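# A closer look at the structure
Each chain is listed here by its residues.
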Amino acid sequence: MKINLPISPGARHVVTALQTAGYEAYIVGGAIRDLLLERTPKDFDIGCSATPEEVRQVFGRRSARIIGKRFRLTHVTCKGELFEVSTFRKAPAETAAAPAKEGSDTEEMAENLILSDNSWGTAVEDAWRRDFTVNALFYDPVDGQLYDHTGMGLADIKSRTVRAIGEPALRFEEDPVRMLRALKLVGQFDFTLDSATENALFARLELLKLASPSRLALELEKIFGSCCGDRHLRAFHDYGLLEYFLPELNHCWDTPVMDRALELLYERNCRLDEGRYRNSVSLAMACVALPFVEEALGIAPGDPVPSRKCGGAANAVLEKIFLPLHMMIRLNLSAEKILTLQAIFDQGKCPRELYTSRSYPNARELKIIRAAVDGGDPEQTDREWPLPLVEHAPRGKNSNGKPRRRRSRKPKETPQE
Ligand code: ATP
Ligand code: MG
C-alpha cells in the first residue's frame, strides 16, 4: 500500500544511505504504529538486510556503534538523532518448539526461553519474528510503500487490537517481557488483547520472574520516560502482571498511598505532555516514591517534609520499590536526592548550594507537582523558587556541549530487546 508518512529527515537519510549501498532497508516497529495512530513517534527504528558490521561500514566508525549481545544491533547517529538499526532476523531455530501444555509448571514453560536472537533472515521472516501484528509494519520512506507482512497489522491498528504473532503461548514462553509489552499497548493506546493472546498471557504471568532484570529495568525506564506511565501501571495491575513486575506497588494498590503516587505521576505526565518540564525518569520515580516516604515518616499527605530522617526513608522506599529490578543505581540515587531536597524547600530555605545542585531543577519541579496535587498554587511555587543558576551540561556532553570521550567500548544490553 502507498502512503505518505512524516518520517524524520535523519531516519530518511539512514534508510536512503543503506539502500544506496545496495541493502534493503525500512522504518520498522513502533514508529509506524504510532504514525498510523496519528501520534508522534518518540524514535524511528530501522530494519535492514545489512549485518551490524556492514551497517558500520556504510556510516563509518564515528557514526555507528555495534551494541548488545542477546540482540546485536547498531546505533547510528545522523543529523543529531540516534537510530537503532537492526538486521532482519528469523525466529531462532531452537524456538520452533511447541508451547508447554496448559497447566504445566514454570520450569517446563521456561524451556522455550530465547537466550540469543541473532539469526539473520529476510524482511518477511523478520516481520514474523516480531512480537505483535501492530508492531510488524515496515515502511519504505523512499517509495512510500507500506508492508503488512503478517496481513493483520493494519486491521489490528484500526480495531485497536493487540495480537501476538504466531502461537501466543509460545511467544510469551520464548520471551516473557512480551507480556509486559502487550500490556503497555493496552495502557498507552487503550488497545484490547485478542482472546487467544489474553488467555495465553493470563496463564503465563508468572514467567515474568524469569525475565532478565536488566531488560525489565530498561522497560521500566521507558515507562517512566513516557507520559503515560500511570496508565501502564494500571494496565499491569488490571491484568495481574504488576505482582511480578513491581510487587511492592501491587501490594499497596487501592490504598490512599498508592492512589496519591498515581496522582503525582499523572500530574508529572501532564506537565511533560504539555511541554512545561523536561523528561526525567528519576523525577517520575520520585513522584511514585514520595507518598511512601511520607508514610514512612509518619506525616500526612501534603504536609511539609521534615529534614530529619528524610534521606534514610527515601533511600529505604526507593530500594524496596525499584531495586528488586536492579533499576539503575544512578536513577535511584538521583530520585533520592530529589526527595531529600523536598525537606529543604519545605523549610523555606534556598541556600545557594541547593540551587546550583544538579538535582535542583527536578526537585523544584516535584515541589511544583506537589503544589498542584495538594491544592496549592503551582504558579506561585514556580515564581517563588528561583530557576537554576547554571544550566548543567546534558549527560554525555561536556560544558562546551561537545560529546564526552567514551572510555569503554563494552557492549551494553540493548534497549530494543
Ligand atoms: P516504543 O514506543 O516503546 O519504542 P516499540 O514497539 O517501538 O515501542 P521498541 O522496544 O523500540 O518498542 O522495539 C522496536 C520493535 O522491535 C517493536 O515494535 C517490535 O517490532 C520489535 N520488538 C521489540 N521487542 C521485542 C520482543 N521482545 N520480541 C519481538 N519483537 C520485539
Ligand atoms: Mg521504538
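In what follows, the structure referred to is the one given above.
The sections below set out a description of the structure shown in this document. (Residues numbered from 1 in each chain as written. Chains lettered and ligands numbered in written order. Predicted model: local features only at pLDDT ≥ 70, side-chain atom pairs only at ≥ 80, totals over all residues. Heavy atoms only, no water.)

## Overview of the pattern of salt bridges
Taken as a whole and assessed by the stated rule, the structure comprises 25 salt bridges. Measuring nitrogen to oxygen at the nearest pair gives 4.0 Å for the salt bridge that ties K320 to E248. Residue K320 is found in helix α16 (residues 310–322), and its partner E248 is found in helix α13 (residues 247–251); the two are separated by 72 residues along the sequence. Judged by relative accessible area, E248 falls into the buried class, the value being 19%. A salt bridge links E294 to R260, with the nearest nitrogen and oxygen atoms 2.8 Å apart. Taken together, the residues E294 in helix α15 (residues 281–297) and R260 in helix α14 (residues 256–273) connect sequence positions 34 residues apart. Note on E294: relative accessible area 2%, which makes it buried. (Salt bridge = Lys/Arg side-chain N within 4 Å of Asp/Glu carboxyl O. Helix = DSSP H or I, 4+ residues; strand = E, 2+ residues; numbered from the N terminus. Buried < 20%, exposed > 50% of the residue type's maximum accessible area, 1.4 Å probe, protein only.)

## With respect to unusual backbone geometry
Non-glycine residue K79 carries a positive phi angle of around 50°. In this fold, K79 is placed in the loop between β4 (73–78) and β5 (81–87). Accessibility expressed as a relative area gives 56% for K79, which makes it exposed. Unusually for a residue other than glycine, D254 sits at a positive phi of about 65°. Looking at where D254 falls in the secondary structure, it is placed in the loop between α13 and α14. A relative accessible area of 63% means that D254 is categorised as exposed.

## Some words on the sheet that holds strand β2 (residues 45–48)
Backbone hydrogen bonds hold the strands of a sheet together, and the pairing may be parallel or antiparallel. Taken in spatial order, the 7 strands of this open sheet run β3-β4-β5-β2-β1-β6-β7, and their pairing is mixed. Strands at the two margins of the open sheet, each flanked by one partner only, are β3 (64–67) and β7 (145–147). When the angles between neighbouring strand axes are averaged without regard to direction, this sheet yields 30°. For β2 and β5, the ladder comprises 4 bridges, and the chain directions are parallel. Within β5, the residue paired with C48 across the bridge is T87. (Pairing = 2+ DSSP bridges. Axes fitted to C-alpha atoms, helices over the stretch in contact; angles between N-to-C directions.)

## Digging into the side chain of S357
Here S357 lies in the loop between α18 (352–355) and α19 (360–373). Under the relative-accessibility criterion, S357 is labelled buried at 15%. Only 3.0 Å separates the side chain of S357 from the backbone nitrogen of S359, close enough to count as a polar contact. (Polar contact = N/O pair within 3.5 Å; in protein donor to acceptor, adjacent residues only side chain to side chain.)

## So, the nonpolar core
Core analysis: the biggest nonpolar cluster contains 107 residues, and L18, F224, L233 and F245 have the highest contact counts within it. With 12 residues, α15 is the largest single contributor of residues to this core. Two domains each provide a minimum of three residues to this core, namely domain 1 (1–159) and domain 2 (255–384). If sequence neighbours within four positions are ignored, L18 has contacts with Y23, A25, I46, C48, A50, V55, V58, F59 and V85. Core analysis: the next-biggest nonpolar cluster, separate from the first, contains 6 residues, V28, F88, A123 and F138 among them. (Core = buried A, V, L, I, M, F, W, Y, C linked by side-chain atoms within 4.5 Å. Domains from an automatic or database assignment. Contact = heavy atoms within 4.5 Å.)

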